[in-house]
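Coordinate analysis (summary)
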Amino acid sequence: MPVLVIGEGHGILYANTAAEDFFQASAPVLKRQRLDDLVAFGSPVLGLVEEVQRRGASVSEYRLELASPRLGLDRTVDVFASLLPSQPDAVVLLLQERTIAEKMDRQLTHRGAARSITALGAMLAHEIKNPLSGIRGAAQLLEASVGDEDRLLTQLICDEADRIVKLVERVELFGDERPSERGPVNVHDVLDHVKRLAQSGFARHIRFSEVYDPSLPPVAGNRDQLVQVLLNLVKNAAEAIGQDAIDGEITLTTAYRPGIRMQAPGSGARLALPLEIGVRDNGPGVPPDLHQLLFDPFVTTKAQGSGLGLALVAKVIGDHGGIVECESAPRRTTFRIRLPLHEAKPSQAG
């Protein structure tokens, strides 16, 4: 990935080979220029460098439009900036370019993927659930007039009809655009509730550990929806570990990371996402060929899975104004959720 080291006055002190390719200039040429010469006037990258120098802390920005009319450059990048430990006031910039497909469709939380089946959910509800109720009713009527062997077949029809209805109901959730009630939510209460549910059922054979920041402020969200999201991630982690594992472990983490910001959809405002929630497991990891498609609907590694769980996670977190990410390696797969703070509205005098 392109790496630049920026000194005082936005001078370029270092550029790696990837930066040479990115900016279409050799390192000696780049080092004779300033960052202002490479990016458009007023680019947020300039403010990012100044903020790191002023605060002395690392800052990350997602989905920045990096434009340079002189270079014919117009790309979308994630920018990670931090101070260079060996040189005061020097800032290391690492650029991660996003493809056009990611820019148009995925946008970090895969909101496009979730929206793409909203109409499908409404259609399924109308076109499938109604005839299924008739099929199930007819099977129940037949059950009373057939022998024991045929009764197994009628029961199979009822069971499969119920299974399809449950699948359709899960898809219907994507079409629910009604605003949910939001308020301050203690994420540790949510995580403790999810852990109790998991340990009393599907994850009773797995050891849990917690690495929490006890001073974490409330998150702005809907408690029931956050329980649903985290229960889904914990269930996926438990299934990845498997029933036969003897050393299975799920680690729940929380942290406050003030350097994470993202542009709010539909506006130019940049929303701070300082609250981080993590679910880590020591299972085999996500197959590399599925990593980029993980949050898309109907993508699954489970033989009996519907592929809607993580797509629903992406939708709910996106509706909360947050992002969800996955880092996967054998025995260390981590899902991270980043959410905004709850900001109390000032009370109004009578």
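Residues numbered from 1 in each chain as written. Predicted model: local features only at pLDDT ≥ 70, side-chain atom pairs only at ≥ 80, totals over all residues. Heavy atoms only, no water.

**Things to note about helix H10 (residues 187–199)**
Worth spelling out the cut-off: Here a helix means four or more residues in a row that DSSP labels H or I, a strand means two or more in a row labelled E, and each is numbered from the N terminus. Expected span, for any helix, means 1.5 Å times one less than how many residues it has. When a residue's accessible area, from a 1.4 Å probe over protein chains only, is under 20% of the maximum for its type it is buried; when over 50% it is exposed; and in between it is partly exposed. The arc in question is the one traced by the directions running from the helix axis out to the C-beta atoms. Between two residues, a contact is recorded if the distance between any of their heavy atoms is within 4.5 Å. Any N or O atom pair separated by 3.5 Å or less is treated as a polar contact, with the protein-specific requirement of one donor-capable and one acceptor-capable atom, and with residues adjacent in sequence counted only for side-chain atom pairs.
Along its 13 residues, H10 runs 18 Å from first to last C-alpha, staying within 8% of the 18 Å computed at 1.5 Å per residue. For H10, the full list of buried residues reads Val187, His188, Val190, Leu191, Val194, Lys195 and Ala198. Looking straight down H10, one finds that the buried residues subtend no more than 155° of arc, so they occupy a single side. Against the buried residues of H10 lie strand E6 (183–185), strand E7 (207–211), strand E8 (219–221), helix H11 (223–241), strand E9 (249–256) and strand E12 (275–281). Between the side-chain oxygen at the start of H10 and the backbone nitrogen of His188 there is a gap of 2.9 Å, and the oxygen is on Asn186.

**Focus on unusual backbone geometry**
One non-glycine residue, His10, lies in positive phi territory at about 65°. Summarising the element assignment, His10 is placed in the loop between strand E1 (3–6) and strand E2 (12–15). A positive phi is found at Arg331, a non-glycine position, where the angle reads about 70°. Structurally, Arg331 is set in the loop between strand E13 (323–329) and strand E14 (332–339). Residue Arg331 is classed as partly exposed on the basis of its relative accessible area of 49%.

**A word on the pattern of salt bridges**
Condition: Should a side-chain nitrogen of Lys or Arg be within 4 Å of a carboxyl oxygen of Asp or Glu, the pair is scored as a salt bridge.
Going through the model one piece at a time under the given rule, you end up with 13 salt bridges. Between Arg257 and Glu276 there is a salt bridge, and its shortest N-O distance comes to 3.0 Å. Highlighted residues: Arg257 in the loop between E9 and strand E10 (260–263) and Glu276 in strand E12, separated in sequence by 19 residues. Look at Arg257 and you get partly exposed, because its relative accessible area is 42%. The residue Arg338 makes a salt bridge to Glu325 at a minimum N-O spacing of 3.2 Å. Residue Arg338 is found in strand E14, and its partner Glu325 is found in strand E13; the two are separated by 13 residues along the sequence. Via salt bridges that share partners, Arg257, Glu276, Glu325, Glu327, Arg336 and Arg338 belong to a single interconnected network.

**Overview of the confidence of the model for the chain**
Definition in use: Confidence scores per residue from the predictor, reported as pLDDT, run from 0 to 100.
Looking at the chain, pLDDT values average 78 and 77% of them are 70 or higher. Note that residues 103–109 has pLDDT below 50 and, in this model, 20 contacts with residues that lie over four places away or in other chains.

**Digging into the packing of aromatic side chains**
The condition is simple: Pairing of aromatic rings covers Phe, Tyr and the six-membered ring of Trp, with a centre-to-centre limit of 6.5 Å; geometry is then stacked below 30 degrees between planes, edge-to-face above 60, and tilted otherwise.
In this structure the tally under the stated criterion is one aromatic pair. Centroid distance Phe22 to Phe23: 4.9 Å. Interplanar angle 75°. Geometry classified as edge-to-face. Take Phe22 and Phe23: they sit in the same class, and that class is buried.

**Quick notes on the side chain of Thr251**
Relative to the helices and strands, Thr251 resides in strand E9. At 3.0 Å, the side chain of Thr251 forms a polar contact with the side chain of Ser209. Beyond its immediate chain neighbours, meaning those up to four positions away, Thr251 contacts Ser209, Val211, Gly278, Val279 and Arg280.

**Brief notes about the packing of H10 against H11**
Note the cut-off: For helices, the fitted axis covers only the stretch in contact; all axes are lines through C-alpha atoms, and the angles between them, taken along N-to-C directions, range from 0 to 180 degrees. Oblique is the label for every angle not falling under 35 degrees (roughly parallel), over 145 degrees (roughly antiparallel), or within 65 to 115 degrees (roughly perpendicular). We call a crossing left-handed when the near helix sits turned anticlockwise from the far one by less than a right angle, and right-handed when that turn is clockwise.
Packing of H10 against H11 leaves a shortest axis separation of 9 Å and a crossing angle of 50°. The angle between the axes of H10 and H11 places the two elements in the oblique class. With respect to the hand of their crossing, H10 and H11 are arranged in right-handed fashion. Contact residues: Asp189, Val190, Leu191, His193, Val194, Leu197 and Ala198 in H10; Arg223, Leu226, Val227, Leu230, Leu231 and Val234 in H11.

**Comments concerning the environment of Arg257**
Spatially, the C-alpha atom of Arg257 lies 9.2 Å from that of Val59, the residues being 198 residues apart in sequence. Here Arg257 is in contact with Leu273, Pro274, Glu276 and Arg338, once residues within four sequence places are set aside. Side-chain polar atoms of Arg257 contact the side chain of Glu276, separated by 3.0 Å.

**Remarks on the packing of H11 against helix H12 (residues 309–319)**
Rules: Each residue is assigned to one class: nonpolar for Ala, Val, Leu, Ile, Met, Phe, Trp, Tyr, Cys and Pro, charged for Asp, Glu, Lys and Arg, and polar for all the others, Gly among them.
It is the contact of H11 with H12, at a shortest axis distance of 10 Å, that shows an interaxial angle of 145°. By crossing handedness, the relation of H11 to H12 is classed as left-handed. Between H11 and H12, the contacting residues are Gln225, Leu226, Gln228, Val229, Asn232, Leu233 and Asn236 on the first element and Gly309, Leu310, Leu312, Val313, Val316 and Ile317 on the second. Across the contact of H11 with H12, the residue classes break down as eight nonpolar, five polar and no charged.

**Let's talk about the environment of Ile241**
One can find Ile241 in helix H11. Ile241 sits 42 residues away from Gly283 along the chain, and the two C-alpha atoms are 4.3 Å apart. Discounting residues that sit within four places of it in the chain, Ile241 has contacts with Ile206, Gly248, Glu249, Ile250, Asp281, Asn282 and Gly283.

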